[in-house]
Structures are given as C-alpha cells and as structure tokens.
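This is what each chain is made of:
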Amino acid sequence: MSMEIIYGMPLFLIAALSVIVLLVDAFTGKNKAVAYYFSIISLLAVAVSAAISLNTNIPKSGFDTTITGNNITFGGYAAFFDIIFSLAGVMTIFASKPYMKREFKEYKEYYSLVMFAVAGMIMVSHANSMLMLFIGIELMSFSFYVLAGFIRTRITAVESSLKYFLLGSFASGFLVYGIAMIYGATGSMILPDILNKITTGNFDITYLKVGFALMLVGLAFKAAAFPFHQWAPDVYHGAPTVSTGFMSTAGKAAALIAFVIVAKSVLPVNISVESVTSGSLELSKFTDSARMVIAVISAITMLIGNISALVQKNVKRMLAYSSVAHAGYLLMGIVANNQDGWAGIMFYATAYLFMQIGSFVIVGIIEQNNERMNFDDYTGLRKNHPWIAALMAIFMFSLAGIPPFAGFPGKYMLFVAAVESGYTWLTIIAVISSVISMYFYIGLVLTMYFKDNENGLIITDISSAKIPLAISFVFVFLLGILPGSLIDLAKSLF
Amino acid sequence: MLQSIPLEYYLIISAVIFIIGSIGVITRRNAIIIFMSIELMLNAVNLTLVSFSSFLGDVSGQIFVFFVMSVAAAEAAIGLAIILALFRSKQTIYVDEVNLLKW
C-alpha cells in the first residue's frame, strides 16, 4: 500500500463515511441511536487518521501521487485542520441531539448533513488545486444552506436559509469566475504550478488582477468580511443555534484556510530579486496593493462587527456580529502574508472555534421555542445555574481576549504578525476594536452575575450538550495557559 | 476556424453575460428569477473557462466546467427545496416580503 493512501486517509474516510451514514440512516428506521453514534465514531476515526499523518514530513518530490494527481496536499496544516473540523462536527452532533429533540424533532439526516459539511471543509484544507478548493467550498456551503433551514416549519429558519442560499450562490459565481480568470492568467489549475508561473513571470498580469479581485469577493463573502457581511447576522440569528455554532466557527475556519491557500500561491512572498524586470516590479506592486485592500477590509470588518454588536439586545445576534468581527481579526494573518501570520490564523481559528461553539451551545441550552435569547433573559443565571454562568463568563472573557484564556495568545500572535509586516495602523485599529468589544462581552457577564431576577430561568434539558461544553472549556483553558506547544506546531506546519 | 476569432471576444461576451446575471440578481424580487440569474452567471463562467482552455491548449479548464455544471445541478435541487419550504410557510416567493430578520 502506498504512503499516499495512508496520508490521504482522512479525506477518503470522510468521503466514504459521510455517504455510509446516510445509508445507515436509511436502513435503521426508527432507531435513531445507530446513526447518531455511527456519525460520532466516524468523525473520531477521521480525526485519528489525520493525527497519524500530522507530524510526518512529506517529501515534496518523489512522492507517488498516482491516485490523486497533484490535486491534494498531505499532512501538515491540512491534517491539523482535519482534526479541528472533525472535533467541531462531533461537538455539534452532541449538542444538537437534545436541542433538536426539544425545538423541532430529531431527524437523523441532520447528522449526515454535518458530516457532509465536514467533508467539504476537509477537502478545502487538503486542496492543492483550484478544482478541489471549489468543490470543497461548495460542498460545505450546500450543507450549510440546508442546516440553516433545518427547522423547516419555523419561518425565521427558512428565511435565513433562503438569504444564505441566494447570496451564497451569488458569491460562488464570483469565486468561480475568479478561478477562471486566474486559470486564464497562468494556464494551470494546480496551485504550486500557479505559484511557479507567477514567480517566473510566465503569466498575464491583467487577468491575474481581475481574477484575484473576483476571488477576493467570493472568499470575503464565505468568511463574512466587510462589504459582504450583511448576510451573516441574519443567517446566524435565524438558523437553529447548534447549526449557527457550527457554521460560524468551522465554516469560517474553512473559508480562512481557503484564503490562505489562495494567497500563498497568488501573492508570492518573496519575488526573485535577481530578475528585476518590469513584469516583476508590476507583480510586487500588485501584491502590495492586494495586501493593502485586504488590510482595509480587515480593519472595517472588525470595526463594523464590534460596533454593531454594541447595540444588540439579542445574545444570539450579538454573537453573530462578534463572529463578523472575528473574521476581521483572522484576516490580519492574510495581510501579514508570511508564516507567522498563517500560524496565527491557525491558532486563533482553533481557539475561536472552541470558545464560539461553547457560547452558542449555551445559548442553545437556554433558548426555548425561539424565545429566551435576549440579554434580559440571562439575568440571575448565576443563582439558578452557577456552572452554566461560569462557563459562559469564561467563553466571553476568551472572546474578548482576556488572559489566561485562549483568545489572548491568538490575538497576540495575529497582532504581532501584522506589526512585523509593517501594518502597525491595522494593529492599532484591531486593539481599539477589541476594547470596544469588551463592552458587550463583559456586559453579558455583568447581566448574568450582578442583576437579580425573582423568577430566574430554569434549564431543564442539558443531557449530551455537556460534552461539547466540557471539550470547549478544556481547550479554551489549555490553549490559554499553555499556548506554546500549539504555536510551535502551527509554525512548523506551514 | 475557431482560432480566427480572438480570445478577447469570448471573454467580453462572457463578461457581458455575467454582468447581466448579476444585475438580474440585484434588481429582481422573485426568488426563482434570482436563482435563474445566478445560473446565468455560472454559465458565463463556463464560457470563460472553455475559451481559455481552448486557447491555452490545456484540458483542465474543460474538466472544471463539468464540475461547475454538476455543482449547479446540486444547487438547483437545494435552492428549489428551500424556495418550496418558504412557499409552504409563507405563501410567497418574493424576497422583499421575507423580512422578519433585521437588526
């Protein structure tokens, strides 16, 4: 058996297992437990198979790729993100069983949809060609459209699904047009080939500029960054809370890793100095202006996300806007456009995934019949449910970036990466907007702890939602006090 | 014979179709027509891909077109299902009447 099969195992496993879950679902009839446990075990198997290939150094040449051609990268950051995405899927499935039972009805299709979305994300992280990238992003988005509208009798859920679908496929049009133009500029779909042609000056600069601009529109939409962020609050508000937690974290991480993959090959870091022709001068001008555009997008995204979150009365919508702001922070790593920036994205996406899924799971526990999501409903939570209140407070502190929780080292890495690449003004804006964000994150903590309510809310049904809360808590705490090992790992993988 | 028409002509016509599609998405209010405009945009992209592929003498662009077409088919299945769910609960498919979620 060739090494290719072992290293590509996460991808093959998730592709096969997500289809098998659908079949298991069809053949088990009324028994819901089989599909539930099967999907959890399959996602864990994917994570284990990714962990095997995580630390292997895969030779760049002489590696037999007869099955996959050059379309797939193995090991390294791709394997790391496989683990993260599978964990996010497991947490979502655990949290959604009690939520769906209470709010709607437990349909087993939900679990296979989560698995299809994870399959799409894993394809994105393994992408080594524009084709894989496109297929992965589309598979992920299609699953999200359905997950957003899964409670099909609830009008807000259907509305959010429709908005997500129409705007999402509009953005996909831009994305695929951008891919077509970059293909026309360089004559290749394989990303290393594209990089090679760009660094050797064997390409058409006009098509490349147009193509990158169009891809930027598509990817900015998928990551919910500034001019294309309006869908995010509506969709995240209307969708079932467990789906929102999944879409706004793992989906964002996948969009950002797609961004990294594209930026790595289209915006070359060091253009060869020995051949300073007019073409390479023009290319470096293009790279600089592209980074400047992304920097402006990033700055406006974090400001607009945090300022809009200030005035929200609804906790779910507040978290939706905060997720827009976090897209802005994550984009700083693309602006830095070097190993430190990408490692920062990797660390912060991981930290963000755990804290945001944790807080959405708590919102899902407290919510009932699409009600009980306002700040007022959280008053006196400390009295009735001290554990839930404490966990929510920890996630809020972490989202605000207060040490010793995971948000702090993540933000630190991204800010330092931006300063070192000469974007000090962007870091100043990022610090200002994190200070703004303190207001509403700490405001929620104050509401839970210092406002009393005679008839405080009673939570009845937590059951398996405890597991994602425990996982998030452990990681938020662990990454906060011992960030070193993950930082080193992240830097070694890119 | 194909080579006698310059590449730019194909690119211009597909850009025009793409822009018509985007204008349709922005101005129309009927969800089905918006959806058809999106399909028009994808077809414009297919034309770009095929013409680049033909002029570069590289087949991967045409393979990409097959994937875009199958993705568009999957998109149609999901999109029509969502529009149907909307119609069942709200008796309308006009997007400006779907406005529960704001601020």
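See the structure shown above.
Before going into details, it helps to say that this report is about the structure given with it.

## Describing a nonpolar patch on the surface
At step 1: On the surface, A:Phe473, A:Val474, A:Phe477, A:Leu478, A:Ile481 and A:Leu482 cluster together to form a nonpolar patch covering roughly 510 Å² of accessible area.
At step 2: Within the element layout of this structure, A:Phe473 appears in helix 19 (residues 466-481).

## Thoughts on the packing of helix 11 (residues 241-266) of chain A against helix 14 (residues 339-366) of chain A
Residues and elements named next belong to chain A.
At step 1: Direction vectors running N to C along helix 11 and helix 14 enclose 170 degrees, while the axes themselves pass 7 Å from each other. One element, helix 11, and the other, helix 14, form an angle in the roughly antiparallel class. Side by side, helix 11 and helix 14 meet where Thr241, Thr244, Gly245, Ser248, Thr249, Ala250, Lys252, Ala253, Leu256, Val260 and Lys264 of the first sit next to Trp342, Ile345, Ala349, Tyr352, Leu353, Gln356, Ile357, Phe360, Val363 and Gly364 of the second.
At step 2: Split by residue class, the contact of helix 11 with helix 14 holds 12 nonpolar, 7 polar and 2 charged.

## Description of the packing of helix 5 (residues 109-126) of chain A against helix 6 (residues 130-148) of chain A
All names here are of chain A.
At step 1: One way to put it is that helix 5 packs onto helix 6 with a least axis distance of 7 Å and a crossing angle of 155 degrees. As the angle between them shows, helix 5 and helix 6 are arranged roughly antiparallel. Read as a crossing pair, helix 5 and helix 6 show a hand that is left-handed. In this structure, helix 5 uses Tyr110, Leu113, Val114, Phe116, Ala117, Ala119, Gly120, Met121, Met123 and Val124 to contact helix 6, whose residues at the interface are Met132, Leu133, Ile135, Gly136, Ile137, Leu139, Met140, Ser143, Phe144, Val146 and Leu147.
At step 2: Of the residues assigned to the contact of helix 5 with helix 6, the class counts are 18 nonpolar, 3 polar and no charged.

## Description of the interface of chain B and chain A
At step 1: On the side of chain A, 39 residues touch chain B, which itself brings 45 residues to the contact.
At step 2: Taking both partners together, chain B and chain A bury about 3700 Å²; carbon and sulfur atoms supply 82% of that area.
At step 3: Run the count over chain B and chain A and you get 2 residue pairs in polar contact (both at pLDDT 80 or more).
At step 4: Here the side of chain B that touches chain A is built from residues that sort into 31 nonpolar, 9 polar and 5 charged.

## Side note on the packing of aromatic side chains
All names here are of chain A.
At step 1: If you walk through the whole model with that rule in mind, you get 33 aromatic pairs over all chains.
At step 2: Summarising the aromatic geometry, the rings of Tyr329 and Tyr348 are spaced 6.5 Å apart at their centres and angled 80 degrees between planes, so their arrangement reads as edge-to-face. Remark: Tyr348 occurs in helix 14 and Tyr329 occurs in helix 13 (residues 315-336); sequence separation between them is 19 residues. For the pair Tyr329 and Tyr348, one class covers both residues: buried.
At step 3: Between the aromatic rings of Tyr449 and Phe450, the centroid separation amounts to 6.5 Å while the plane-to-plane angle is 50 degrees, which identifies the pairing as tilted.
At step 4: When its relative accessible area of 23% is taken as the criterion, Tyr449 is described as partly exposed.
At step 5: Looking at Lys97, its charged tip hangs above the ring of Tyr36, at a distance of 4.3 Å from the centre.
At step 6: Stacked on the ring of Trp342, the Lys or Arg Lys264 has its end atom at 5.6 Å from the ring centre.

## A closer look at unusual backbone geometry
At step 1: With an omega of 10 degrees, the peptide bond running from A:Pro403 to A:Pro404 counts as cis.
At step 2: In this fold, A:Pro404 is placed in the loop between helix 16 (386-400) and helix 17 (407-420).
At step 3: For A:Asn337, which is not glycine, the phi torsion reads 55 degrees and is therefore positive.
At step 4: Following the sequence through the fold, A:Asn337 ends up in the loop between helix 13 and helix 14.
At step 5: Phi at B:Gln91 is positive, roughly 55 degrees, even though this residue is not glycine.
At step 6: Structurally, B:Gln91 can be placed in the segment after helix 3 (60-90).

Criteria and cut-off values
Residues numbered from 1 in each chain as written. Chains lettered and ligands numbered in written order. Predicted model: local features only at pLDDT ≥ 70, side-chain atom pairs only at ≥ 80, totals over all residues. Heavy atoms only, no water. Patch = residues over 30% accessible without salt bridge, like charges linked within 9 Å, V, L, I, M, F, W, Y side chains within 5 Å. Areas by Shrake-Rupley, 256 points an atom, 1.4 Å probe, with all protein chains shown as cover. Salt bridge = Lys/Arg side-chain N within 4 Å of Asp/Glu carboxyl O. Helix = DSSP H or I, 4+ residues; strand = E, 2+ residues; numbered from the N terminus. Axes fitted to C-alpha atoms, helices over the stretch in contact; angles between N-to-C directions. Parallel < 35°, antiparallel > 145°, perpendicular 65-115°, else oblique. Contact = heavy atoms within 4.5 Å. Nonpolar A, V, L, I, M, F, W, Y, C, P; charged D, E, K, R; others polar. Left-handed = near helix turned anticlockwise from the far one by under 90°. Buried area = accessible area lost by both parts, 1.4 Å probe. Polar contact = N/O pair within 3.5 Å; in protein donor to acceptor, adjacent residues only side chain to side chain. Phe/Tyr/Trp six-rings, centres within 6.5 Å; stacked < 30°, edge-to-face > 60°. Buried < 20%, exposed > 50% of the residue type's maximum accessible area, 1.4 Å probe, protein only. Lys NZ or Arg CZ within 6 Å of the ring centre and 35° of its normal.

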